[in-house]
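# Topology and contacts: notes
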Amino acid sequence: MFNAGWLKFPLLSFALVFFSGDAFAGLFKYKGWVDSNGAELYLEVFGHDSSKPLILFLHGGPGDVELGLVPFQVTVGRALEERYLLAYLHQRGAGKSLEVREDTLTIKNNIQDVHNVISFLKTHYKKDKVTLVGHSWGGGLAALYASEHPETLERLVFISSFQNAQKQAETSLEATLQWAKKEGNQLAIQELQKYQESPSEHYLLLSKWASRANGGIANGVDIRGFLAAEKISERFPGWQERRGSLADKMNDELQTMSANGVIDHLQIPALFVVGENDSITTPLQVKADYKRYKGSKCFTVLKDSHHLPFMDSAESLEKTLLVFLEDEECISEAYE
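This part covers the nonpolar core. Ranked by size, the top nonpolar core spans 88 residues in total, and within it Leu43, Leu56, Leu121, Leu132 and Leu156 carry the most contacts. Setting aside residues no more than four positions away along its own chain, Leu132 makes contact with Leu56, Leu58, Val114, Ile118, Ala142, Tyr145, Leu153, Arg155, Leu156 and Val157. In this structure, Ala169, Leu173, Leu192 and Leu206 belong to the second largest nonpolar core, which totals 14 residues.

See below:
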């Protein structure tokens, strides 16, 4: 954790950063909290050379640090740290970030948080721009941020992410129902029909079955084994309840979230990548977002992968990201 010799860094007029840094095995590392308009946001930065281009990763959820950030960090993230400076943000109220008032859990505040953190990173590491990588909800957040502050971004990467919550739910329901009928899973069919009757009341039913469809949230991965190996329960006590509570509190606003129209005009090079078996954010939905984007862009479908490609297709995802980040070229897969 941290020693008593914490350092303070001024973050313009809106925040102070409390940081502790140390090096190990040649790896550049900082851990600490960023005060963003009263919210204490936990931030980690890793890399072998602080002069390298900087990437900020935004996890999904909302609130899913434990299965949305940590798995990326210990797989694809570690590989990228060989060539880049990687920053990992625990979003408002999530992970090691401190709890906040319920009325501050808004999309607007999350966008401002990203801006405050990027402003700090640019100042502290002397960067003109950063690359933003978002997974699932984090990709939607990245899109909304990019629409407001495109001048701060070098590239955009959307991993299994959506830019219109209503369209995402529609395509997820269609894919999950198709799987349930194929499997003859009557309970899934009944509960998905209940969701159709009242989406706002039963939104967890779609999430429940979409996470199990077509091989599960991460194909062939021992999720329980991962959680035990990473000591998630020790590092994040009560994480399941906290994650569920945070997502529930933001649910009403999230159901109407849309970046459609606000990022279509952007010229930031963008990568859209999704698992072919993802029933939460389907390839059909990601392909539609990709087609609508007017800037330089790439689209890749990862074979035999689901909603957490950094767990079940880490090597393929790593290769796809590196090709795009270094050459702005695409590893394309046919998808219709």
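Let us look at the packing of helix α5 (residues 165-183) against helix α7 (residues 203-210). Closest axis-to-axis distance for the α5/α7 pair is 10 Å, and the angle between their directions is 55°. On the basis of the axis angle, α5 is oblique to α7. The two elements α5 and α7 meet at a crossing, and its hand is left-handed. Across from Ala169, Ser172, Leu173, Thr176 and Trp179 in α5, the residues of α7 making contact are Leu206, Trp209 and Ala210.

This part covers the state of the cysteines. Throughout the structure, instances matching the rule amount to one disulfide. With a sulfur-sulfur separation of 1.9 Å, Cys298 is cross-linked through a disulfide to Cys330. Taking the torsion about the S-S bond as the criterion, the Cys298 to Cys330 disulfide, at about -75°, is left-handed. Of this pair, Cys298 sits in strand β10 (residues 297-302) while Cys330 sits in the segment after α13 (314-327), and the two are 32 residues apart along the sequence. Note on Cys298: relative accessible area 2%, which makes it buried.

On to unusual backbone geometry. The omega torsion of the bond from Gly61 to Pro62 falls at 5°, within 30 degrees of zero and hence cis. If you check the backbone angles, Ser136 has positive phi at about 55° while not being a glycine. Within the secondary structure, Ser136 sits in the loop between β7 (130-135) and α4 (137-148). For Glu328, which is not glycine, the phi torsion reads 55° and is therefore positive. For Glu328, the position within the fold is in the segment after α13.

Turning to the environment of Phe46, a few remarks are in order. Position of Phe46 among the secondary structure elements: in strand β4 (residues 39-47). Judged by its relative accessible area of 4%, Phe46 falls in the buried class. Spatially, the C-alpha atom of Phe46 lies 35 Å from that of Lys167, the residues being 121 residues apart in sequence.

Turning to the pattern of salt bridges, a few remarks are in order. All chains considered together, the criterion is met by 12 salt bridges. Note that Lys208 and Glu191 form a salt bridge whose closest N and O atoms lie 3.0 Å from each other. Separated by 17 residues along the polypeptide, Lys208 in helix α7 and Glu191 in helix α6 (residues 186-197) bring together distant segments of the chain. Judged by its relative accessible area of 28%, Lys208 is partly exposed. The residue Asp264 makes a salt bridge to Arg292 at a minimum N-O spacing of 3.3 Å. On the criterion of sequence distance, the pair formed by Asp264 in the loop between α10 (239-254) and β9 (270-275) and Arg292 in helix α11 (residues 283-292) is long-range, its members being 28 residues apart. Relative accessible area serves as the criterion here: at 13%, Asp264 is assigned to the buried category. Classification of Arg292 by relative accessible area gives partly exposed; the value is 22%.

Turning our eyes to something else, we now look at the side chain of Asp35. Take Asp35: it is sitting in strand β3 (residues 28-36). One buried charged residue, Asp35, forms no salt bridge at all, with the nearest opposite charge on Arg92 at 7.8 Å. Within polar-contact distance, the side chain of Asp35 engages the backbone nitrogen of Gly38 at 3.2 Å.

Procedures and definitions
- Think of each chain on its own: its residues are numbered from 1, step by step along the sequence as written.
- Where local features are concerned, this predicted model is filtered to residues with pLDDT of at least 70; where side-chain atom pairs are given and counted, the filter is 80 or more; whole-chain, interface and lining totals use all residues.
- Note that the side-chain values use all heavy atoms of the structure and ignore hydrogens as well as water.
- Only buried residues count toward a nonpolar core. Its members are Ala, Val, Leu, Ile, Met, Phe, Trp, Tyr and Cys residues joined through side-chain atoms within 4.5 Å.
- For every residue, the accessible area (1.4 Å probe, protein chains only) is compared with the maximum for its type, and the residue is labelled buried under 20%, exposed over 50%, or partly exposed between those bounds.
- Whether two residues touch is decided by their heavy atoms; if any such pair falls within 4.5 Å, the residues are in contact.
- Between the N-to-C directions of two axes lies an angle of 0 to 180 degrees, each axis being a line fitted to C-alpha atoms and, for a helix, fitted only over the stretch in contact.
- Where helices and strands are cited, they refer to DSSP runs of H or I of at least four residues and of E of at least two residues respectively, numbered from the N terminus.
- Note on angle classes: values under 35 degrees are labelled roughly parallel, values over 145 roughly antiparallel, values of 65 to 115 roughly perpendicular, and the remainder oblique.
- Crossing handedness is read from the near helix: turned anticlockwise from the far helix by less than a right angle, it gives a left-handed crossing, and turned clockwise, a right-handed one.
- Only a pair of cysteine sulfur atoms within 2.5 Å counts as a disulfide in this structure description.
- Salt-bridge detection follows one rule: a side-chain nitrogen of Lys or Arg within 4 Å of a carboxyl oxygen of Asp or Glu.
- In this tally, Asp and Glu contribute negative charge and Lys and Arg positive charge; neither His nor the terminal groups of the chain are included.
- Polar contact criterion, stated in full: a pair of N or O atoms within 3.5 Å, where within protein one must be able to donate a hydrogen and the other to accept it, and residues adjacent in sequence count only if both atoms are side-chain atoms.

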